Amino acid sequence: MDAPANSSLPDVFQRWFAGKGWQPRAHQLALLAQARSGRSSLLIAPTGAGKTLAGFLPSLVELSGFAAEGGVAPRRRLMSTGSDVRREGGLHTLYISPLKALAVDIARNLEQPVAEMKLPVRVETRTGDTPASKRQRQRRDPPDILLTTPEQLALILATADGPYLFGSLRRIVLDELHSLVLSKRGDLLSLDLARLFRLAPQATTVGLSATVAEPDELRRYLVPQRSGEAAMADLVMAEAGAAPDVSMLDTAERLPWAGHSAVHALDEIYALVKSHNTTLIFVNTRSQAERIFQELWQINDDNLPIALHHGSLDVAQRRKVEDAMAAARLRAVVCTSSLDLGVDWGDVDLVINVGAPKGSSRLLQRIGRANHRWDEPSKGILVPANRFEVLECSAAVAAVAENAQDTPPARTGALDVLAQHILGCACGAPFLADDLYAEVIAAAPYADLDRQDFDDAVDFVATGGYALRAYERFAKIRQDAQGRWRIAHPAVAQRYRMNVGTIVEADMLKVRLVRSRVSKAVARGGRILGEVEEYFVETLSPGDTFLFAGEVLRYEALVENEVYVSRATSEDPKVPSYEGGKFPLSTYLAARVRDILADGRAWGALPAQVREWLEIQQWRSQLPAASELLVETFPRAAKHYFVCYPFEGRLAHQTLGMLLTRRLERARLRPLGFVANEYALAVWCLGDVALHLQSGRLSLAELFDQDMLGDDLEAWLAESALMKRTFRACAIIAGLIERRFPGKEKSRREVTMSTDLIYDVLRRHQPDHLLLRAARADAATGLLDLRRLGDMLARVKGHIVHRPLDHVSPLAVPVMLEIGRESVGGEASESLLAEEAEDLVKEAMR
Amino acid sequence: MHGTLPAPIHTARDPVSEHGFAVAGAALVADCSGALYWPGERLLVVSDLHLEKGSSFGTRRVFLPPYDTAATLARLVAVVARYQPACVVALGDSFHDGGGPARLAPSDRDTLAALQHGRDWIWIAGNHDPDRPENVGGVAMDVLRRGPLTFRHEPGLQAAAGEIAGHLHPVGRISRRGRVVSRRCFVTDGTRLVAPAFGAYAGGLNIRDRAFARVFPTLGFTAHLMGADRLYAIPAARCV
């Protein structure tokens, strides 16, 4: 796209740019031209390219009243407000950010040019923290530019104010769109956008995004869809910044076979921190962050200011770290994806990524956080924590060099989110089903929504959607004489407002620091350190120690949904096994890793220790070709092991493990357990698996047949705790279970209990219910990663190679080392109970 | 009106569930469905059925699947068919609220009548259903005493030899190899017993909760956790 001449910018803006010593960038001017011709756009720009200013520039120019002739006519009617003269009319620009903190920071950044150019523009934020009085005022007297979050937008749209507030809207700016669209929040936002398209047909959208694999999907998201054709916003590409400088740490230490802590490389990491101004150290999980932070301080002889940042820490604590970072008072921050998004910090000159990068797009963005001056290269160093991660890092370095992206494909809109939206619409104003359906399918994720699914969702909202019509008398919404659906009682709207949103956290418990138990009574009071997952606490006994918030803590007691802890002196804590922040290896990187393994010529670029490892594997067993699935079997300690290497990520491997053990059980091979990591799956049996395979009694083709995703899967899902967790999230989002009631917050523990029971009953009596359909759709991409497993089974069909061995192969060592470290999979609940009961017998017989 | 008893549900593995222990000298059998059987008296005890809990929430516009009563009764049909008791004692909180009996669906009412046919049926009063349930057959009582045993809904505050109670919805939890398994359970110290909730929508309370300390002051009691086809006896002290 040709950039218009600089002269398209009004004088006051030209002077402002000149005063800063800046040149407006081509993509900033391009967006201005797009806005003037009334077109929606997707701007793809690297970090540091002035994306935010580009998004707001057209609005500022229009609002300044100096729009060039031929452009959109600015609103000129002025009115007196008593103390000031203001333009009449409502909101001009709506800005949506995935992060509350980001909206607040952007507002601050925007006020600077507004003040410096003395533009008559009022900028305000609206978040969960905005006082009720201000929200009230915003409804009567909206600002020109409102910055908010998807949840707040849904709340406004669920009031009668929507048409008045948004009727005047000219522009909608969606920030960090690549991240928003990946989740159910993106589904909800798409439905709210569809509503805005109808309330403000004159408005255009601007999506701001990092580089993605499929920009067309984001372009569709930004404009209303019509049946039969895919409408798309125009694409504006910012000039690419300098290519990042990414390398893998060439450690002088011995590379571990397994584990994720990268403790071997700590001295080298510390030296890097010392030789740079400010370093961001990204890790994949919160427990890794705790560990690395702890270990770095052990060797921090220079007392460098090194901080910790992850999603479980108390908000106030995180804010403190962010502020210290902004003020350039820190030399390093150990962080998780909690800092993937957010405000730019100018002084970061190095990003270290510890562990496997998991995906090239995520890595590119993380590295982009170093050196926000787009014309200078960002510097990133990858620190693999084990040998497989060396392969993954090396694949990632190659992908980054090609600027190859691997963002996940677009979502199909979730039915539970649709149900929440339908209730929100009814809270705003009565609707006709035909009209709302037409509006909903304008949202890109819902473009292919069946009318039947839509009607089922309406029925679900009204009375639960049950074949047994038990709740007609208590309907939440019902049809009036004109056939319009309206809420049955104002309390329904009140409850909707308290429960809006799609973020369902795992059950978390607050961690409170108390003094150690001296007498029997635990001291009350003390500071809240953050939150941990309830299931983790369940595995603790009083006296156990764990790492949290950078300290070794001793578990004292669970008191009314709070975990009481004290400072411990122990040096060897039981590290929290948070799930938080575990990402599966991207399909794209996985394919590259398989290619490296298969191609001996690529090994030259690998560290010598890794090369040697692969060469021994080649000699002892074999390496699979890129399209093959290698299965190794070997006996060990009176058990028979079965190891395969699908490289499809831990989630898909776990599901595969569950299904394979069912089949091995049926083949009477008596599987005892399995363990999965990102690359491989190991199953151990009492029966001789190798013998069965060699004699033809067991066939690999049948074992890995795609039909395992049929009956076996259904049977397993009935009992699967992961499926129940998935169902719970759907039930909460759809509004079957409300977390908050007027006056009290229902305890999350209560909700968990009851959704499991509901799942059991519903699955037996109405297996095709909307919520079960929603949960199955989630399972396909979520905790069970069924889609990926299905793709893998299709890929390896006819390409499975069996290699019987006398003992464990080099390639199998990493996953074998996970045994005993990771919890053993399998629906082993019954056997765990039996073990517990048998322990007692042993004790009695001793 | 008496219908015929629906055929019991047979699962793939038909439960073999003889799990015996004595309470105050009476030999009892715990069934892995959550029912307690006293062969000596041919008496079957089920606690906290919470029938019509779904419809109770429905009146507050929380639309739980309205199949809980049918699901609970189906399990009761199966266990009654297995033991053919002469007497069934519903140990209180049989209905989730006082309006429950009136909201019973006709088919569920028929199932209940068929269950009661040819045997004694006793509704013990619970805190959710303190009044005599209307039009659902059976005899209502606050407390039933038979031989060494006393059947009541809420465990008494004093140590009561031979007390069989419900109310607390006991759930036992074990933690092993990084995983937590939690199941409904019977808890007994040989002197008294608290039975698990039988209702499909009845929640649970961890047996390590304070409420159980009032019934069993020391941890010297045993939890009999309900497995898929057997029960597992686990000392309370080993539960988490």
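Being a predicted model, the structure only gives us computed values, none of them experimental.

> Account for the overall build of chain B, with residues named and values stated.
Looking only at helices and strands, one finds five helices and 16 strands in chain B. By the compact-globule yardstick of 18 Å for 240 residues, chain B fits well, its C-alpha radius of gyration being 17 Å. Counting only C-alpha atoms and orienting by the principal axes, one finds that chain B spans roughly 45 × 40 × 40 Å. Buried residues in chain B amount to 50% of all 240 residues. Within chain B, contacts between residues separated by at least 24 positions form 69% of all contacts whose residues are at least 6 apart in sequence.

> Any chance you could break down the packing of helix α23 (residues 650-666) of chain A against helix α30 (residues 786-796) of chain A for me, citing the residues and the numbers?
The relative placement of two packed helices comes down to the angle between their axes together with the axis-to-axis distance. All names here are of chain A. Between α23 and α30, the least distance of the axes is 8 Å, while the angle of their chain directions is 70 degrees. On the basis of their axis angle, the class for α23 and α30 is roughly perpendicular. When α23 is examined against α30, the residues A652, T655 and L656 are found in contact with a partner set consisting of L786, R788, L789 and M792. Tallied by class, residues from the contact of α23 with α30 come to five nonpolar, one polar and one charged.

> Break down the pairing of strand β1 (residues 41-44) of chain A for me, citing the residues and quoting the values.
Residues and elements named next belong to chain A. Of the two faces of β1, the one carrying S41 and L43 and the one carrying L42 and I44 are both buried. Pairing analysis gives four bridges linking β1 to strand β9 (residues 234-237), with the strands arranged parallel. When the sheet's bridge partners are listed, L43 is paired in β9 with V236.

> Outline helix α2 (residues 26-36) of chain A, supporting the account with residue identities and numerical values.
Along an α-helix, a turn takes 3.6 residues, which lines up residues three or four apart on a common side. Residue and element names in this part refer to chain A. Of all eleven residues making up α2, eight are buried, and the element is well covered by its neighbours. The set of residues buried in α2 consists of H27, Q28, L29, A30, L31, L32, Q34 and A35. Residues of α2 that are buried sit in contact with β1, α3 (51-63), β7 (171-174), β8 (204-209) and β9. Looking at the residues trailing α2, positive phi occurs at G38, about 70 degrees.

> So, the nonpolar core: which residues are in play, and what are the values?
Among the nonpolar cores identified, the biggest contains 293 residues, and L43(A), I281(A), V333(A), V334(A), A682(A) and V45(B) are the most heavily contacted of them. When residues of this core are assigned to their parent elements, the largest contribution, nine residues, is made by helix α16 (residues 415-428) of chain A. Filtering out sequence-adjacent residues up to four positions away, A682(A) remains in contact with Y641(A), V643(A), F674(A), V675(A), A812(A), V815(A) and M816(A). The next biggest cluster of nonpolar side chains, apart from the first, holds 17 residues, and it includes L529(A), V537(A), Y555(A) and V563(A).

> I'd like a description of the environment of L762(A), backed by residues and values.
Residues and elements named next belong to chain A. Topologically, L762 is positioned in helix α28 (residues 748-765). Overall, the presence of 24 C-beta atoms within 10 Å leaves L762 in the buried class. Linking L762 and G259, residues 503 residues apart in sequence, is a C-alpha distance of 41 Å.

> How would you summarise unusual backbone geometry if you had to cite specific residues and measurements?
All names here are of chain A. Phi at A638 is positive, roughly 65 degrees, even though this residue is not glycine. Inspection of the secondary structure puts A638 in the loop between β23 (629-636) and β24 (639-644). For D785, which is not a glycine, the phi torsion comes out positive at approximately 50 degrees. Checked against the element boundaries, D785 lands in the loop between α29 (770-781) and α30.

> Please provide a residue-by-residue account of the sheet that holds strand β4 (residues 93-96) of chain A, values included.
All names here are of chain A. The seven strands lie next to each other as β5-β6-β4-β7-β8-β1-β9, forming an open sheet whose pairing is parallel. Looking at the sheet topology across the chains shown, the edges are occupied by β5 (123-126) and β9. The sheet shows a mean angle of 20 degrees between the axes of neighbouring strands, direction not considered. Judged from the four bridges that link them, β4 and β7 form a sheet pairing that is parallel. For Y95, the partnering residue across the bridge sits in β7 and is V173.

> Outline the pairing of strand β1 (residues 20-23) of chain B, listing residues and values.
All names here are of chain B. Direction of pairing for β1 relative to strand β2 (residues 26-30): antiparallel, over a ladder of four bridges. Directly across from A22, in β2, lies its bridge partner A27. Counted along the chain from β1 to the antiparallel partner β2, the turn is two residues long, and its residue A24 has a positive phi close to 50 degrees.

> Can you lay out the confidence of the model for chain A for me, pointing to particular residues and giving the numbers?
Residues and elements named next belong to chain A. Chain-level statistics for chain A give a pLDDT mean of 84 and a share of 87% at 70 or above. Throughout residues 747-752 the model reports pLDDT below 50, and contacts reaching past four residues in sequence, or to other chains, amount to nine contacts. With pLDDT under 50 throughout, residues 822-827 is counted as low confidence; its partners more than four residues away or in other chains account for 21 contacts.

> Help me get a handle on helix α6 (residues 150-157) of chain A, residues and values and all.
Extensive coverage of α6(A) is indicated by the burial of seven of its eight residues. Taken together, the buried positions of α6(A) are P150(A), Q152(A), L153(A), A154(A), L155(A), I156(A) and L157(A).

So, how was this worked out
Residues numbered from 1 in each chain as written. Chains lettered and ligands numbered in written order. Predicted model: local features only at pLDDT ≥ 70, side-chain atom pairs only at ≥ 80, totals over all residues. Helix = DSSP H or I, 4+ residues; strand = E, 2+ residues; numbered from the N terminus. Rg over C-alpha atoms; globule rule 2.2 N^0.38 Å. Buried ≥ 20, exposed ≤ 12 C-beta atoms within 10 Å, placed from the backbone. Contact = placed C-beta atoms within 7 Å. Axes fitted to C-alpha atoms, helices over the stretch in contact; angles between N-to-C directions. Parallel < 35°, antiparallel > 145°, perpendicular 65-115°, else oblique. Nonpolar A, V, L, I, M, F, W, Y, C, P; charged D, E, K, R; others polar. Pairing = 2+ DSSP bridges. Core = buried A, V, L, I, M, F, W, Y, C linked by C-beta atoms within 7 Å. pLDDT = per-residue confidence, 0-100.

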